[in-house]
Every structure is written in C-alpha cells, then in structure tokens.
Amino acid sequence: MSYVIDPPKQAALPIKGTDKLFPVHRIYCIGRNYADHAREMGHDPNKEPPFFFQKNPNNLRTDGLFPYPPGTKDVHFEIEMIVALKSGGTNIKTEDALKHVWGYGIGLDMTRRDLQGKAKDLGRPWEVGKAFEHSAPATALLPAEKIGHPETGAIWLDVNGKRRQTGDLNQMIWDVPGQIAYISTLFELRAGDIIMTGTPAGVGAIVKGDKLHGHVDGVGDLEVTVV
Ligand code: MN
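Residues numbered from 1 in each chain as written. Predicted model: local features only at pLDDT ≥ 70, side-chain atom pairs only at ≥ 80, totals over all residues. Heavy atoms only, no water.

S.K.: Please explain the overall build of the protein as it appears in this structure.
M.R.: Helix and strand counts for the protein stand at five helices and 18 strands. Relative to the 2.2 N^0.38 estimate, which gives 17 Å for 227 residues, the radius of gyration of the protein is 17 Å and therefore close to what a compact globule would have. By principal-axis analysis of the C-alpha atoms, the protein measures approximately 45 × 40 × 40 Å. Relative to its 227 residues, the protein shows a buried fraction of 51%. (Helix = DSSP H or I, 4+ residues; strand = E, 2+ residues; numbered from the N terminus. Rg over C-alpha atoms; globule rule 2.2 N^0.38 Å. Buried < 20%, exposed > 50% of the residue type's maximum accessible area, 1.4 Å probe, protein only.)

Put into structure tokens, the structure is as follows:
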C-alpha cells in the first residue's frame, strides 16, 4: 500500500547536544496547575481536580521564533516545563510514573486568550485559543539519565529583560508523577507523548518584537522572539 498524498512530517524535538530527535506523538497540557496562576485566572485552586487539553505535535517550534498568530488581539505567554515519555500505558501508578519519562525540556503554551475566553463563555472547545500553528515554542530535550527528575527549582519568564512570571516547580498542584498517573486513567499514554506541566502566575500579553526568555532550574533556558 502507498499513501495517496505525501504523509505529514513526523513532529519532533531535538535532543540537546546531539544530532538525535525525539518523535512527538501527542501533546497534553494541564490547566491551572500552579495555585497562584489558578487564582489569577479567577479559580479556586483547592477545589479542582486536574484537567487537560491538547496541542498538536506540529504546533512545536524550536528555532526561537514565534510568529504572531491571526484572529487575535491578546496573545499570552505561559512558561512551562515539558515532560517527554519513552513509554506509556493505562492506569499507571504514581510510584511507577517516572519510569516512563525519557527527559525534560521547556516550552511556551502560547495562548490566544481572547479566543480562549470566548470559548469558555460559550462552553466551546479550546483549540482556537491553544492549538494553533507555532503555539508551542520549545527547547531541545535533556535526558532524565543526565539531569534526573526536576521536582523543585525556579521557573520564570522574562519579557524584554523584565521578570514577568516566577514560581517553583514544587508549587505544582499536580506533580509530574501525579499528572502521568491521572492522564493514564483517561487515555493510553504512548512513547512520544509529551506533557506541558502548567504555568506559574504572571501570564500576560505579547506584541511583535518582544523577546521572551524562559528558564527552569536544572533544565535550561528558552529564548523566543515574537515576529
Ligand atoms: Mn498552560
């Protein structure tokens, strides 16, 4: 058998310091996973079980550029740690979850906040706000066998040299093992799935020309220019 059109290119993230690639199967993103960010979005962080949405694998971009998207006047940054899975399954136990992690990176969950807000008001899905082209600028990945599993450490984002988001990985309401375990009760996680693990408080709008510099202790830095 052959394809009737050329198959789409396999989405992938580079591996830092190598010529190797991590093939990306799906992108799960957790919502409101840092208490201060949940509050700034108008929610009580203590009452809510986790929820997830998805971006498309081909929304990833690793060349340091974020083209301002169409159809919006309010695009927000959300700095997040990325977890990349080398294996998966269903009903993964929390204590087994980290065995499935290949490594870590840093990403921006870029959001058309005005379209997301409209979708929320109308009870509609979030794709228009979250899963658009180039909406996931990201770094190369680092293997857990080199850096371990980051559980604490600063996560921050500067815009044009000014600190806008600050938090610590230990402020996650659902930690990485908890997220993996929870997602695996609803979906069959697979090798190549990645998880964007939520953003600390301080999200805000960007304009063309802005320079974003994100950081996660133990993982590194992500620098992105809005074009
Ligand atoms: Mn997010």
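S.K.: Which parts of the structure should I look at to understand the coordination of the manganese ion?
M.R.: Six octahedral donors around a metal ideally make angles of 90 or 180 degrees; four tetrahedral donors ideally make 109.5 degrees. Around the manganese ion, the donor atoms from the protein are Glu78 (OE), Glu80 (OE) and Asp109 (OD), and they sit 2.0 to 2.1 Å away. With relative accessibility at 0%, the residue Glu80 sits in the buried group. Owing to a relative accessible area of 0%, Asp109 belongs among the buried residues under this scheme. (Donors = N, O, S within 2.8 Å, 3.2 Å for Na, K, Ca; no water.)

S.K.: Just to check I follow, could you spell out the sheet that holds strand E10 (residues 111–112) for this structure?
M.R.: Consider a sheet: its strands pair through backbone hydrogen bonds, and that pairing is either parallel or antiparallel. Read from one edge to the other, the open sheet built from three strands follows the order E10-E7-E16, with strand pairing classed as antiparallel. Strand pairing shows two members of the sheet lacking a second neighbour, E10 and strand E16 (204–205), which therefore form its edges. As paired strands, strand E7 (residues 75–77) and E16 are joined by two bridges and run antiparallel to one another. Pairing of His76 across the sheet is with Ala205, part of E16. (Pairing = 2+ DSSP bridges.)

S.K.: Looking at this structure, I do not really get the pairing of strand E14 (residues 162–168). What am I missing?
M.R.: Remark: a regular strand shows side chains that alternate across the two faces of the sheet. Pairing of strand E13 (residues 154–159) with E14, which is carried by six bridges, proceeds in the antiparallel orientation. Among the inter-strand pairings, Ala154 is bridged to a residue of E14, identified as Asp168. The antiparallel hairpin formed by E13 and E14 contains two residues in its connecting segment, where Asn160 sits at a positive phi of about 50 degrees.

S.K.: Quick question: what am I supposed to make of the environment of Pro45 here?
M.R.: Looking at where Pro45 falls in the secondary structure, it is placed in the loop between helix H1 (35–40) and strand E4 (52–55). Linking Pro45 and Pro177, residues 132 residues apart in sequence, is a C-alpha distance of 19 Å. In contact with Pro45, other than residues within four places in its own chain, are Ala35, Ala38, Arg39 and Ile173. (Contact = heavy atoms within 4.5 Å.)

S.K.: Could you clarify how one ought to interpret the side chain of Glu80 in this entry?
M.R.: With respect to the helices and strands, Glu80 occurs in strand E8 (residues 79–85). No salt bridge is formed by the buried Glu80. Its closest oppositely charged neighbour is Lys130, at 5.7 Å. For Glu80, the side chain forms a polar contact with the main-chain nitrogen of Gly198, separated by 2.9 Å. Setting aside anything within four residues of it in sequence, one finds Glu80 in contact with Gly105, Ile106, Gly107, Asp109, Ile155, Met196, Thr197, Gly198 and Thr199. (Lys, Arg positive; Asp, Glu negative; His and termini not counted. Salt bridge = Lys/Arg side-chain N within 4 Å of Asp/Glu carboxyl O. Polar contact = N/O pair within 3.5 Å; in protein donor to acceptor, adjacent residues only side chain to side chain.)

S.K.: What is the right way to read helix H5 (residues 176–186) from this model?
M.R.: Two residues of an α-helix separated by three or four positions point the same way, owing to the 3.6 residues in each turn. By the criterion of burial, H5 is predominantly enclosed, with eight of the 11 residues buried. Looking only at H5, the buried set comprises Val176, Pro177, Gly178, Gln179, Ile180, Ala181, Ile183 and Ser184. If you follow the buried residues of H5, they end up packed against strand E3 (27–30), E4, E8, strand E9 (101–108) and strand E15 (194–196). Near the N-terminus of H5, the side chain that reaches the backbone nitrogen of Gly178, with its oxygen 2.8 Å away, is that of Asp175.

S.K.: Please explain the layout of surface pockets as it appears in this structure.
M.R.: Left-over empty space is what a probe sized like a water molecule reveals as it rolls over the atoms. Looking at the largest pocket, its volume works out to about 220 Å³. As for the largest pocket, its lining consists of Pro8, Lys9, Gln10, Ala11, Ala12, Pro14, Leu21, Asn58 and Thr62. Residue classes in the lining of the largest pocket are distributed as five nonpolar, three polar and one charged. (1 Å grid on protein atoms, 1.4 Å probe; cavity = no way out; pocket = protein on both sides within 12 Å on 5 of 7 lines; lining within 4 Å. Points joined across faces, edges and corners; volume = space filled by probe spheres on them. Nonpolar A, V, L, I, M, F, W, Y, C, P; charged D, E, K, R; others polar.)

S.K.: In this structure, what is going on with the environment of Pro69? I would like to understand it.
M.R.: Relative to the helices and strands, Pro69 resides in the loop between strand E6 (65–66) and E7. It is 13 Å that separates the C-alpha atoms of Pro69 and Ala205, two residues lying 136 residues apart in sequence. In this view, Pro69 contacts Val75, Arg112 and Phe132; residues no more than four positions away in its chain are not counted.

S.K.: Can you help me understand empty space enclosed by the protein in this one?
M.R.: For the structure shown, the criterion picks out two cavities of 30 Å³ or more. The volume enclosed by the largest cavity comes to roughly 110 Å³. Lining the largest cavity are 17 residues, and of these Gly31, Arg32, His37, Glu78 and Lys130 sit closest to its centre. In terms of residue count, the dominant contributor to the lining of the largest cavity is helix H2 (residues 113–122) (three residues).

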